[in-house]
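Each chain, written out:
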Amino acid sequence: RAKESGRNTFALYKSEMQAVSDARLEMEKALHHATEFKLFELYYQPQTNDKDELIGAEALIRWKDEKKGFISPAEFIPVAEEIGLIVEIGHWVLNEALSQVATWLKEGKWHLSWRMSINVSPIQFQQAGFLPMLKAQLEKHDVPASCVDLEITENMLLNDLASCLEKMNAIKALGVHLSIDDFGTGYSSLKYLKSLPIDRLKIDQSFVRDLLTDKSDEAIVHAVIAMAKALNINVLAEGVETLPHYDRLREIHCFYYQGYYFGHPLPPDEFIAAFVHDSATLKPSL
Ligand code: C2E
Ligand code: MG
Ligand code: MG
Ligand code: MG
């Protein structure tokens, strides 16, 4: 009896594994198709300062599968990284985001001081061709480098610090800004931070979420802000969902924000309608 049920359990386990690998293969196939036919979109989420001024937007990829509807980038980006498609997808993202900034600049809907934040996967960043590609994209779209901010993650630094640093310096030399995304969840040491040409840390939303109730999260956020200030790096809080979070962040001298409290990621036209008013009132910001 025991043997029998053991066997059944195994059979069930096996079919579940089969289902998982079928789903995975199906996603890989769909991703190849979506990449080939450019079936992605970019949504834009506002980034603001403590004077409630827009300082920029983060471009966030969206993929609507014919059968499954929207699939979260948290789900498909890791798969795209594993199968190498992220390089092509990342190229599409950069092209699309820069083309959008170029259009908005021409239409008087984008202020020169605003930054378009673009997520760059470590795998994409490590490509030998990344820097020439970035340069070519800036030239193609004729977008000032100072309007661009690349979001990279701490874990990128684990790989090859020297070549990473060299590439970051070359990117900074172009005038492009660099942010560390999801700060606090990875492995960067304070020593790295001191030597890296970083403009901004984005404190991960996991620390911001419990800021009001969890003393250690509050202490971490506070410490990050103090440290960044000493290193002359800006800090932006991600995942700011409520007014009390915003108030608390301001109290502890965090002056840049992104989150549902200010606005959700939106398609381009909706982003402009919601957050950008006529060009005469586009406000400069820090
Ligand atoms: P991320 O770069 O840290 O982006 C922030 C994520 O938090 C976004 O999720 C955004 O919609 C979400 N978010 C913003 N405000 C709030 C808030 O107040 N509360 C909560 N709970 N969430 C908030 P999204 O768009 O689903 O993207 C997930 C992740 O996928 C991104 O995290 C990024 O790592 C990756 N990703 C998105 N677009 C791209 C892309 O174009 N290229 C690459 N390489 N990765 C991307
Ligand atoms: Mg990001
Ligand atoms: Mg983040
Ligand atoms: Mg994140």
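Per an unreviewed UniProt entry, the protein carries the name PAS domain S-box-containing protein/diguanylate cyclase (GGDEF)-like protein and comes from Marinomonas rhizomae.

### Here we look at the overall build of the protein
In terms of regular secondary structure, the protein is built from 12 helices and nine strands. The C-alpha atoms of the protein give a radius of gyration of 21 Å, which matches the 19 Å a tight globule of 286 residues would have. Structurally, the protein occupies a C-alpha span of about 75 × 45 × 40 Å along its principal axes. Every one of the 286 residues in the protein was classed for burial, and the buried ones make up 46%. Pairs at least 24 residues apart make up 68% of the contacts formed inside the protein by residues separated by at least 6 positions. Surface accessibility of the protein: about 14800 Å² in total, with carbon and sulfur atoms responsible for 55%. Taking the average place of the 29 positive charges on the side chains of the protein and the average place of its 41 negative ones, the gap between the two points comes to 3 Å.

### Examining the coordination of the magnesium ion (ligand 3)
Note on the magnesium ion (ligand 3): its protein donors are Asp181 (OD), Asp182 (OD), Glu238 (OE) and Glu238 (OE). The metal-donor distances range over 2.1 to 2.4 Å. In primary-sequence terms, the residues that donate to the magnesium ion (ligand 3) follow D-D-x55-E. The metal-metal distance between the magnesium ion (ligand 3) and the magnesium ion (ligand 2) is 4.0 Å, with Asp181 coordinating both. Of the two residues, Asp182 sits in strand 6 (residues 177–183) while Glu238 sits in the loop between strand 8 (234–237) and helix 11 (243–251), which places them 56 residues apart along the sequence. Under the relative-accessibility criterion, Asp182 is labelled partly exposed at 25%.

### Focus on the pattern of salt bridges
In the structure shown here, the tally under the stated rule is 12 salt bridges. Two residues, Lys68 and Glu26, come together in a salt bridge whose shortest N-O distance is 3.9 Å. On the criterion of sequence distance, the pair formed by Lys68 in the loop between strand 2 (54–65) and strand 3 (69–71) and Glu26 in helix 1 (residues 2–36) is long-range, its members being 42 residues apart. In this structure, the salt-bridge partner of Lys202 is Glu58, at a minimum N-O distance of 2.9 Å. Placement of the pair is Lys202 in strand 7 (residues 200–203) and Glu58 in strand 2, with a sequence separation of 144 residues.

### Examining the packing of helix 3 (residues 86–106) against helix 5 (residues 130–141)
Running from amino to carboxyl end, helix 3 crosses helix 5 at an angle of 30 degrees, the nearest separation of the two axes being 9 Å. Here helix 3 lies roughly parallel to helix 5, going by the angle between them. Note that helix 3 runs across helix 5; the crossing there is right-handed. Across from His91, Leu94, Asn95, Leu98, Ser99 and Ala102 in helix 3, the residues of helix 5 making contact are Met133, Leu134, Gln137, Leu138, Lys140 and His141. Of the residues contributing to the contact of helix 3 with helix 5, the split by class is six nonpolar, five polar and one charged.

### Observations concerning empty space enclosed by the protein
Under the counting rule described, the total for this entry stands at one cavity of 30 Å³ or more. Reported here for the largest cavity is a volume of approximately 30 Å³. As for the largest cavity, its lining consists of Gly90, Val93, Leu94, Ile118, Asn119, Val120, Gln124 and Phe130. Contributing elements (two or more residues each) for the lining of the largest cavity: helix 3 and strand 4 (115–119). Per element, the largest residue contribution to the lining of the largest cavity is three residues, and it comes from helix 3. Grouping the amino acids of the lining of the largest cavity by side-chain chemistry returns five nonpolar, three polar and no charged.

Thresholds, definitions, all that
Residues numbered from 1 in each chain as written. Chains lettered and ligands numbered in written order. Predicted model: local features only at pLDDT ≥ 70, side-chain atom pairs only at ≥ 80, totals over all residues. Heavy atoms only, no water. Helix = DSSP H or I, 4+ residues; strand = E, 2+ residues; numbered from the N terminus. Rg over C-alpha atoms; globule rule 2.2 N^0.38 Å. Buried < 20%, exposed > 50% of the residue type's maximum accessible area, 1.4 Å probe, protein only. Contact = heavy atoms within 4.5 Å. Areas by Shrake-Rupley, 256 points an atom, 1.4 Å probe, with all protein chains shown as cover. Lys, Arg positive; Asp, Glu negative; His and termini not counted. Charge placed at Lys NZ, Arg CZ, Asp CG, Glu CD. Donors = N, O, S within 2.8 Å, 3.2 Å for Na, K, Ca; no water. Salt bridge = Lys/Arg side-chain N within 4 Å of Asp/Glu carboxyl O. Axes fitted to C-alpha atoms, helices over the stretch in contact; angles between N-to-C directions. Parallel < 35°, antiparallel > 145°, perpendicular 65-115°, else oblique. Left-handed = near helix turned anticlockwise from the far one by under 90°. Nonpolar A, V, L, I, M, F, W, Y, C, P; charged D, E, K, R; others polar. 1 Å grid on protein atoms, 1.4 Å probe; cavity = no way out; pocket = protein on both sides within 12 Å on 5 of 7 lines; lining within 4 Å. Points joined across faces, edges and corners; volume = space filled by probe spheres on them.

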